Each structure stands twice: as structure tokens, then as C-alpha cells.
Amino acid sequence: NEMKNSDDKIQIINYLSRLTSAKFSGSKQSELSISLALEKLIYSFQNKKPIIFVFGFGGYKNYNSPSFPEVDFAELFHMKYMTEFLWPIIKTYKYGVKFEYEDEEISIQFNNVPQETTNRYTKSFKLLLDYFQKKIFEQNNIKLNYELVIARDMYKEEDLYSRMDSYKNQMTEVFYNLSEEEKSVWLKR
């Protein structure tokens, strides 16, 4: 499908510019990342769907944190920063914006964090999302969707761990075929 609306094309370019800026992403984006972002934007425009921003994170609070095991200002400030940075997209994209916080706590046992504390974190994070969403609406009359997506609800643990084991060999081979610079980026990540 070809984009025919020139206003949409301009908007997509403006959005892509914002999303690939180092201020948003923290570093220069690869051609593949830029291409994927462009594809997602075009898809959203053509299908009149919300633009979904996914933020993957551990889904628990480190036990050294004073707020352990619940959320604190770090999560609030992240939501505030992302909302402010993406505000030009939020207020101009007519099909809406959705923020998904993808909780990867399914692998929590590798970090020796009890499930009980993870559950407390999840509960407090959901309360914060609801509060923040409500405040955005009250102050700006814009409905944003902030959602917590929990990996544990999407996978059977045994299936996931089995897939991880089979994928490990494939990714190890890919890693060893990278340049030294690319290896360094992977290891840093």
C-alpha cells in the first residue's frame, strides 16, 4: 500500500524524526531500527490504529531500593518524561497513542526475587499507571492508554524456557559472526 495523503507523509516523517532522535533513544539508531519504526508508523496511519510505544523492563524493584518492593519516583518520572517527549505525537495523531509497559518478570527466578515481592510491585505499578492516566485526562482532556503487559500472562514458563534454550545456540552463532564493535554493543546492552 502506498501512502497517498501528503499530510500523513509529513506527519510520519516528523514522528520518525522525533522517535529516532538521540534524546529519545539514547543513541544513534541503526538502519534496521529506523526502517522498523517507519513500517510501524505507516501501518498505524494506513490502518487507523493507535501508535503503541512499548517499554520493556524487569517488572520488579531491586531489594536495595528504599521503596522495595513497590514503585517510586523512578517509574513516575519515566512516565512523565516519555509523555512529555512524545506530546507532539500524542496531541496530533488522530487515532491515539498507547503506552505498554512490558513486564518481563517471568524470568525473575534468575535474580532471586521472591514472587510475593514481584506481585506487590505489579500491584503498585498498576495503581501508578491508573493514577497517571487519570491525571493526564484531567489536566489535558486527552485519553491515553497506559497498560502493564505481564510476560507471565502471555507464556507458559516451560515453553518459554525451552524456546530460550533452543534460541541460545542460534544467537551464540550470530554473536560470534559480529564485528568486534557490534559484539561490544551487544555486551553493553
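This structure is a prediction, so every number in the text was calculated from the model and none was measured.

The rules behind the values
Residues numbered from 1 in each chain as written. Predicted model: local features only at pLDDT ≥ 70, side-chain atom pairs only at ≥ 80, totals over all residues. Heavy atoms only, no water. Patch = residues over 30% accessible without salt bridge, like charges linked within 9 Å, V, L, I, M, F, W, Y side chains within 5 Å. Areas by Shrake-Rupley, 256 points an atom, 1.4 Å probe, with all protein chains shown as cover. Salt bridge = Lys/Arg side-chain N within 4 Å of Asp/Glu carboxyl O. Helix = DSSP H or I, 4+ residues; strand = E, 2+ residues; numbered from the N terminus. Buried < 20%, exposed > 50% of the residue type's maximum accessible area, 1.4 Å probe, protein only. Phe/Tyr/Trp six-rings, centres within 6.5 Å; stacked < 30°, edge-to-face > 60°. Lys NZ or Arg CZ within 6 Å of the ring centre and 35° of its normal. Axes fitted to C-alpha atoms, helices over the stretch in contact; angles between N-to-C directions. Left-handed = near helix turned anticlockwise from the far one by under 90°. Contact = heavy atoms within 4.5 Å. Nonpolar A, V, L, I, M, F, W, Y, C, P; charged D, E, K, R; others polar. Parallel < 35°, antiparallel > 145°, perpendicular 65-115°, else oblique. Core = buried A, V, L, I, M, F, W, Y, C linked by side-chain atoms within 4.5 Å.

Turning to a nonpolar patch on the surface, a few remarks are in order. The grouping of Val-174, Val-185 and Trp-186 at the surface amounts to a nonpolar patch, some 230 Å² of accessible area in total. One can find Val-174 in helix α8 (residues 157-176). Its relative accessible area of 35% is what places Val-174 among the partly exposed residues.

We now examine the packing of aromatic side chains. Per the counting criterion, the structure on display carries 18 aromatic pairs. Seen in terms of ring centroids, Phe-175 and Tyr-176 are 5.4 Å apart; in terms of plane orientation they differ by 75 degrees. Their pairing is edge-to-face. Classification of Tyr-176 by relative accessible area gives exposed; the value is 57%. Chaining the aromatic ring pairs together yields one cluster made of Phe-53, Phe-55, Phe-57, Phe-99, Tyr-101, Tyr-121, Phe-125, Phe-132 and Tyr-146. For Arg-18, the ring lying beneath its charged end belongs to Phe-85, and the centroid distance is 4.5 Å. Lys-183 extends its terminal NZ or CZ atom over the ring of Phe-175, reaching a point 5.7 Å from the ring centre.

The next thing to look at is the packing of helix α4 (residues 73-85) against helix α6 (residues 115-140). Orientation of α4 relative to α6, taken along the N-to-C sense of each, is 35 degrees, at an axis distance of 11 Å. Of the two elements, α4 crosses α6, and the hand of that crossing is right-handed. Facing α4, whose interface residues are Glu-75, Leu-76, Met-79, Lys-80 and Thr-83, α6 presents Tyr-121, Phe-125, Leu-128, Leu-129, Phe-132 and Ile-136. Classifying every residue of the contact of α4 with α6 gives eight nonpolar, one polar and two charged.

Our next topic: the packing of α8 against helix α9 (residues 180-188). Where α8 meets α9, the axes come as close as 9 Å, and the angle between the chain directions of the two elements is 135 degrees. In terms of orientation, α8 lies oblique with respect to α9. Facing Met-171, Val-174, Phe-175 and Tyr-176 of α8, the residues of α9 in contact are Lys-183, Trp-186 and Leu-187. Here the contact of α8 with α9 is composed, by residue class, of six nonpolar, no polar and one charged.

A few words now on the nonpolar core. The nonpolar side chains of soluble globular proteins are, as a tendency, buried together. Counting 31 residues, the largest nonpolar core has Phe-53, Ile-89, Phe-99 and Tyr-101 as the members making the most contacts within it. If you list the elements that add at least two residues to this core, you get α1 (6-19), α3 (31-47), β1 (51-57), α4, α5 (87-90), β2 (97-103), α6 and β3 (145-150). Ignoring anything within four residues of it in the chain, the contact list for Phe-99 reads Phe-53, Phe-55, Met-82, Thr-83, Leu-86, Ile-90, Leu-144, Asn-145, Tyr-146 and Glu-147.

By themselves these figures say nothing about function.
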